[in-house]
Amino acid sequence: MDVVEGFWTRVTTPLPQLPTAVLVSALVAAAVVVGAPALWRPARTVVTIAHEGAHGLVALAAGRRLAGIRLHSDTSGLTVSAGRPTGLGMVLTCAAGYTGPALFGLGAAALLAAGHAVGLLWALLSLLALLLVQIRNWYGLWAVLATGAVVVAVTRWLPPSGQAAFAAAGTWFLLLAAPKTVLELQRARRRRAAPDSDADQLARLTRLPALLWVGLFLLVDVGALLLGGWWLLG
């Protein structure tokens with residue numbers, strides 16, 4: 001019981017606000033990862049995990065049955081759910097992918113701004129554990145386990161200030177990466193390399209142009225970046 005109480009106290013006790021210099025350094029580090037092609041390619045798998053996880057969470061919230069999630073080495077992914085092929089639940093499930101990483105980042109920014117960096121990391125581990133049981137391929141299993149192992153190492157060996165700095169870098173990464181994936185989506189659509197993208201599926205479901213959905217994804221992601229940045233630095 002004492003162990004549980006000690007853990008709960010550690011997770012829920014707010015930490016002092018990170019210095020602005022640390023937050024800006026975390027922002028710069030995340031921007032380098034997002035902007036450098038050699039770093040972006042492996043790091044993009046983390047965005048795919050958030051993307052497919054968002055599909056899965058919203059599918060369950062909409063009353064659909066989650067049939068499995070796959071993550072691929074080319075940073076693509078697939079979430080399969082069973083239920084009505086049309087309707088609001090399907091629309092929300094499709095729309096969650098390209099907005100999910102930004103909204104996860106926004107939620108992380110809110111927790112960081114409130115001083116709950118340690119709680120944020122343990123919440124992330126809980127979400128990864130839930131995702132793990134839905135993974136249906138070996139690469140996806142490896143990707144989720146590797147991501148979880150990094151977070152476990154941070155919570156195990158870094159002091160609270162180091163955990164907060166890591167959480168800040170991860171938060172900035174999600175906020176910056178989300179709009180970039182939408183721009184990549186539109187470039188792929190322009191080359192006709194993504195005929196069955198989330199935006200095109202939504203166009204078929206709603207009869208609204210796919211480009212409108214791409215614009216909506218970008219609007220949500222940029223809005224989350226601006227609001228999250230304001231919470232962290234304002």
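Reading the values: rules and limits
- Residues numbered from 1 in each chain as written.
- Predicted model: local features only at pLDDT ≥ 70, side-chain atom pairs only at ≥ 80, totals over all residues.
- Heavy atoms only, no water.
- Salt bridge = Lys/Arg side-chain N within 4 Å of Asp/Glu carboxyl O.
- Helix = DSSP H or I, 4+ residues; strand = E, 2+ residues; numbered from the N terminus.
- Buried < 20%, exposed > 50% of the residue type's maximum accessible area, 1.4 Å probe, protein only.
- Expected span 1.5 Å × (residues − 1).
- Phe/Tyr/Trp six-rings, centres within 6.5 Å; stacked < 30°, edge-to-face > 60°.
- Pairing = 2+ DSSP bridges.

1. Some points on the pattern of salt bridges
Phase 1 of the analysis: All chains considered together, the criterion is met by 3 salt bridges.
Phase 2 of the analysis: For Asp200, the salt bridge goes to Arg189, with nearest N and O atoms at 3.0 Å. Pair noted here: Asp200 is in helix 8 (residues 198–206) and Arg189 is in helix 7 (residues 160–190), with a separation of 11 residues, a long-range link.
Phase 3 of the analysis: A salt bridge links Arg204 to Asp196; the nearest nitrogen and oxygen atoms lie 2.4 Å apart. Of the two residues examined, Arg204 and Asp196, each falls in the exposed class.

2. Some thoughts on unusual backbone geometry
Phase 1 of the analysis: With a phi close to 75°, Thr75 is a non-glycine residue in the positive phi region.
Phase 2 of the analysis: Within the fold, Thr75 resides in the loop between strand 1 (65–71) and strand 2 (77–82).
Phase 3 of the analysis: Unlike most non-glycine residues, Arg207 shows phi in positive territory, near 65°.
Phase 4 of the analysis: Looking at the element boundaries, Arg207 is found in the loop between helix 8 and helix 9 (210–233).

3. Remarks on helix 9
Phase 1 of the analysis: If you check helix 9, its first and last C-alpha atoms are 34 Å apart, about what 24 residues at 1.5 Å a residue would give, namely 34 Å.
Phase 2 of the analysis: Within helix 9 the residues assigned to the buried category are Ala210, Trp213, Val214, Phe217, Asp221, Ala224, Gly228, Gly229 and Leu232.

4. Observations concerning the packing of aromatic side chains
Phase 1 of the analysis: Within this structure, the stated rule accounts for 3 aromatic pairs.
Phase 2 of the analysis: Ring centres of Trp40 and Phe173 lie 6.2 Å apart, and the angle between their planes is 50°; on these two criteria the pair is classed as tilted. Here Trp40 is found in helix 3 (residues 37–61), whereas its partner Phe173 is found in helix 7, with 133 residues between them in sequence. Of the two residues, Trp40 and Phe173, both sit in the buried class.

5. Observations concerning the pairing of strand 2
Phase 1 of the analysis: Pairing of strand 1 with strand 2 involves 6 bridges; the strand directions are antiparallel. Bridge pairing in strand 2 links Leu71 to Gly77.
Phase 2 of the analysis: In this antiparallel pair of consecutive strands, strand 1 and strand 2, the connection spans 5 residues, and Thr75 shows a positive phi of 75°.

Just distances and angles here, no functional claims.
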